[in-house]
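These are the residues of each chain, in order.
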Amino acid sequence: TAWGAMYPGCAHFYALFFMGISEVSTAVLCLLANFDDEFGVIGLGDAFPMTKVALGGVFAVAFVICRTVLWPICTYHFLRDSKNALKSTSPMAQSRKKWIRLFMFCSVGLSILQ
């Protein structure tokens, strides 16, 4: 789907959210993982316990905002715009119908995983 998204005018607006903003919580989770004694730096959590707790809180808030609040809203608007594009008779929309259908299918699948 990444190659199909490179077409000009094919869901670029939504790519900002789905490939960027929604991953903010993942970046915080990567920082938090360093404080794990088994998979991160041994003793880091003991040395900086408040930082570990703060990162855990930031991750929880970012996850809820990005994945539970914003994701369904953006998915709804993406699917609505995609349906309108499929109804369009413009040559650009006609040439990208298969990609738009694939993007819609992937969007629904990822939303179920959220």
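Heads up: the structure comes first, above all this text.
Overview of the structure. This is a predicted model, so every value here is computed, not measured. (Residues numbered from 1 in each chain as written. Predicted model: local features only at pLDDT ≥ 70, side-chain atom pairs only at ≥ 80, totals over all residues. Heavy atoms only, no water.)

1. Some details on the overall build of the protein chain
Next, step 1: When you go through the protein chain residue by residue, the secondary structure sums to seven helices and zero strands.
Next, step 2: When the helices and strands of the protein chain are placed in sequence order, the string is α-α-α-α-α-α-α.
Next, step 3: Here the C-alpha atoms of the protein chain give a radius of gyration of 19 Å, more than 25% beyond the 13 Å that 2.2 N^0.38 yields for 114 residues.
Next, step 4: The C-alpha extent of the protein chain, read off along each of the three principal axes, is 60 × 25 × 20 Å.
Next, step 5: With 114 residues in all, the protein chain has 26% of them scored as buried.
Next, step 6: The long-range share in the protein chain, meaning contacts at least 24 apart out of those at least 6 apart in sequence, stands at 66%.
Next, step 7: Taken as two groups, the 9 positive and 6 negative side-chain charges of the protein chain have centres that lie 29 Å from each other. (Helix = DSSP H or I, 4+ residues; strand = E, 2+ residues; numbered from the N terminus. Rg over C-alpha atoms; globule rule 2.2 N^0.38 Å. Buried < 20%, exposed > 50% of the residue type's maximum accessible area, 1.4 Å probe, protein only. Contact = heavy atoms within 4.5 Å. Lys, Arg positive; Asp, Glu negative; His and termini not counted. Charge placed at Lys NZ, Arg CZ, Asp CG, Glu CD.)

2. Focus on the state of the cysteines
Here, the word disulfide means a covalent bond between the sulfur atoms of two cysteines.
Next, step 1: On inspection of all chains with the given rule, the structure shows zero disulfides.
Next, step 2: No disulfide involves Cys 30; its sulfur sits 14 Å from that of Cys 66, the nearest cysteine.
Next, step 3: In this structure Cys 74 is not part of a disulfide, and its nearest cysteine sulfur, from Cys 66, lies 9.7 Å away.
Next, step 4: Classification of Cys 74 by relative accessible area gives buried; the value is 19%. (Disulfide = S-S within 2.5 Å.)

3. Looking at helix α5 (residues 49-87)
Next, step 1: Under the 1.5 Å per step criterion, the end-to-end length of α5 is 55 Å for 39 residues, consistent within 8% with the ideal 57 Å.
Next, step 2: By the burial criterion, the buried members of α5 are Leu 55, Ala 62, Cys 66, Arg 67, Trp 71, Cys 74, Thr 75, Phe 78, Leu 79, Ser 82 and Leu 86.
Next, step 3: The elements touched by buried residues of α5 are α2 (12-18), α3 (24-33) and α7 (97-113). (Expected span 1.5 Å × (residues − 1).)

4. Some remarks on the pattern of salt bridges
Next, step 1: This structure, assessed with the given rule, holds two salt bridges.
Next, step 2: The salt bridge partner of Arg 67 is Glu 23, with a shortest N-O separation of 3.3 Å. Of this pair, Arg 67 sits in helix α5 while Glu 23 sits in the loop between α2 and α3, placing them 44 residues apart in sequence. (Salt bridge = Lys/Arg side-chain N within 4 Å of Asp/Glu carboxyl O.)

5. Points about the packing of aromatic side chains
Next, step 1: Per the counting criterion, the structure on display carries eight aromatic pairs.
Next, step 2: Plain terms: the ring middles of Tyr 14 and Phe 78 are 5.3 Å apart, the flat faces sit at 70° to each other, and that makes the pair edge-to-face. Taken together, the positions of Tyr 14 in helix α2 and Phe 78 in helix α5 put the pair 64 residues apart, joining distant regions of the chain.
Next, step 3: Overall, Tyr 14 belongs to the buried group, its relative accessible area being 11%. (Phe/Tyr/Trp six-rings, centres within 6.5 Å; stacked < 30°, edge-to-face > 60°.)

6. Comments concerning the packing of α3 against α5
Next, step 1: Closest axis-to-axis distance for the α3/α5 pair is 8 Å, and the angle between their directions is 160°. As the angle between them shows, α3 and α5 are arranged roughly antiparallel. For the element pair α3 and α5, the recorded crossing hand is left-handed. For the pair α3 and α5, the contacting residues are Val 24, Ser 25, Thr 26, Val 28, Leu 29, Leu 31 and Leu 32 in the first and Lys 52, Leu 55, Gly 56, Val 58, Phe 59, Ala 62, Phe 63, Cys 66 and Arg 67 in the second.
Next, step 2: Classifying every residue of the contact of α3 with α5 gives 11 nonpolar, three polar and two charged. (Axes fitted to C-alpha atoms, helices over the stretch in contact; angles between N-to-C directions. Parallel < 35°, antiparallel > 145°, perpendicular 65-115°, else oblique. Left-handed = near helix turned anticlockwise from the far one by under 90°. Nonpolar A, V, L, I, M, F, W, Y, C, P; charged D, E, K, R; others polar.)

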